[in-house]
Amino acid sequence: MKRARGRRFATVAAATVLAGVVAGTLAATANGEPRPAAQDRQARPTIVLEHGAFADGSSWNGVMERLQADGYSVVAAANPLRGPHSDATALRTVLDHIKGPEILVGHSYGGSVISEAAADDPQVKALVYVAAFLPAPGENALGLTNKYPGSTLPDALDPVPYTNADGSTGTDLYIQQDKFRHQFAADVPANQAALMAAAQRPIAQAALEEKATVAAWKGKPAWDIVTTQDLNIPAAVQRFMARRAHAHTIEVAASHSVAVSHPRLVAEAIEKAARATR
C-alpha cells in the first residue's frame, strides 16, 4: 500500500513538473502564438518604431501593446521631423543606446528616416515600412508622393512660417484639424482621430524636399505594409517602392493611420520580420 501511494505521488509530481514546463514554454501570446521561453526572449531583437509627420510616438500604442505582450523589447523614438539626415542622426543616438540586434520600423516619412539611419549598421537586421516612403538616393518624399496621382494632402495642409534662433526661416506643415480624420485617419473612430489631430506634430516643409543620400533597404531585408485607401501616399506609389526594394509586401484596405486602425496586423508583420532575420 505504501509503495502504491509512493508511485501515485511520483506520477502526480512528474505530471505537475511537466505541466509547468509546457505552460512556461507554450503560454499564449497576444497574437495567439506560443510564448517562447525566457532564454529565447532574451535573444529577440529590440523593435524600434519611428513615427512620421503629423503624428507622435503614441500612434504606435496599439502595436507596442501587442509586441510587449509577445515578449519583445520596444522603443518608440521621438522623430524631430526636421529632415531625413538630421532625423536619422537623432535616431542613431537611440540605436547606439540599445544592446543587441534591432528591427527598425518606419511609418510614412519615418520610412525615409530609417532608410538612412540603418545604413551600414550591422545591428539592424530588418526594416519594416508601414504606409511609408522608401526613397532611393536622389529622391525625396514630395517627388515620390507626386509620382502617381491620388494624394489629396496638399489641400488639407495648414502651412505655418517660423523663424529659427539664428534668424533663418522655414515653414511647418500641419493638417487642418477639421480635415484630419478624412485625410489621415478615416478608419479610426472619430473621437480618437480628434485627439490625434490635436496632438499632431508638424513636419518642416524642407524635410519633404530633402533628397535621400543612402537607402538601407538595398542591403537589408524589408517588409512593407501597403495601405490601399491612403490619401497621403497613393497605393500606386507604395507598390512601386515596395517592388523596387523586393520587400515582403502586405496590402490592407486601410487609411494612412494603419498602425492605429490595424495594430494587430502591423505587429504581426513586425514579428514576421523579427523571426525571419534571427
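This text follows the structure it describes.
Anyway, here's the lowdown on the structure attached to this text. (Residues numbered from 1 in each chain as written. Predicted model: local features only at pLDDT ≥ 70, side-chain atom pairs only at ≥ 80, totals over all residues. Heavy atoms only, no water.)

**Notes on the pairing of strand β9 (residues 248-252)**
1) Next: Pairing geometry for strand β8 (residues 222-227) and β9, over 5 bridges, is parallel. Directly across from Ile225, in β9, lies its bridge partner Ile250.
2) Next: In this view, the connection linking β8 to its parallel neighbour β9 by way of helix α10 (residues 235-244) has right-handed handedness. (Pairing = 2+ DSSP bridges. Helix = DSSP H or I, 4+ residues; strand = E, 2+ residues; numbered from the N terminus. Right-handed = clockwise from strand over helix to strand, strands pointing away.)

**What about the sheet that holds strand β3 (residues 102-107)?**
1) Next: Taking strand neighbours across the sheet as the criterion, the 6 strands line up as β2-β1-β3-β4-β8-β9 in an open arrangement whose pairing is parallel. Two strands close off the open sheet at either side, each with one partner strand: β2 (74-77) and β9. Ignoring strand direction, the axes of neighbouring strands in this sheet form an average angle of 15°.
2) Next: Judged from the 5 bridges that link them, strand β1 (residues 46-50) and β3 form a sheet pairing that is parallel. Bridge assignment links Glu50 to a residue of β3, and that residue is Gly106. (Axes fitted to C-alpha atoms, helices over the stretch in contact; angles between N-to-C directions.)

**Side note on the nonpolar core**
Inside soluble globular proteins, nonpolar side chains tend to come together where they are buried.
1) Next: Core analysis: the biggest nonpolar cluster contains 52 residues, and Phe54, Leu91, Leu104, Leu127 and Ile203 have the highest contact counts within it.
2) Next: Looking at this core, the element that brings in the most residues is α10, giving 4 residues.
3) Next: Among residues more than four places away in sequence, those in contact with Phe54 are Leu81, Leu153, Leu157, Leu173, Tyr174, Ile175, Phe180, Phe184, Gln200, Arg201, Ile203 and Asn232.
4) Next: With 26 residues, the next largest nonpolar core counts Ile47, Ile103, Ala269 and Ala273 among its residues. (Core = buried A, V, L, I, M, F, W, Y, C linked by side-chain atoms within 4.5 Å. Buried < 20%, exposed > 50% of the residue type's maximum accessible area, 1.4 Å probe, protein only. Contact = heavy atoms within 4.5 Å.)

**Quick notes on the pattern of salt bridges**
1) Next: Enumeration over the complete set of coordinates arrives at 4 salt bridges.
2) Next: The residue Glu251 makes a salt bridge to Arg239 at a minimum N-O spacing of 2.6 Å. Linking Glu251 in strand β9 with Arg239 in helix α10, this pair joins segments that are 12 residues apart in sequence.
3) Next: Glu271 is the salt-bridge partner of Arg275, the closest N and O atoms lying 3.8 Å from each other. Placement of the pair is Arg275 and Glu271 together in helix α12 (residues 263-276), with a separation of 4 residues, close to one helical turn. (Salt bridge = Lys/Arg side-chain N within 4 Å of Asp/Glu carboxyl O.)

**Some thoughts on empty space enclosed by the protein**
1) Next: With the rule as written, the count across this model stands at 1 cavity of 30 Å³ or more.
2) Next: Taken as a whole, the largest cavity spans an internal volume of roughly 70 Å³.
3) Next: At 3 residues, helix α5 (residues 110-117) tops the list of elements feeding residues into the lining of the largest cavity.
4) Next: Of the residues that constitute the lining of the largest cavity, the class distribution is 7 nonpolar, 3 polar and 3 charged. (1 Å grid on protein atoms, 1.4 Å probe; cavity = no way out; pocket = protein on both sides within 12 Å on 5 of 7 lines; lining within 4 Å. Points joined across faces, edges and corners; volume = space filled by probe spheres on them. Nonpolar A, V, L, I, M, F, W, Y, C, P; charged D, E, K, R; others polar.)

Function cannot be read off these values alone, since they describe shape.
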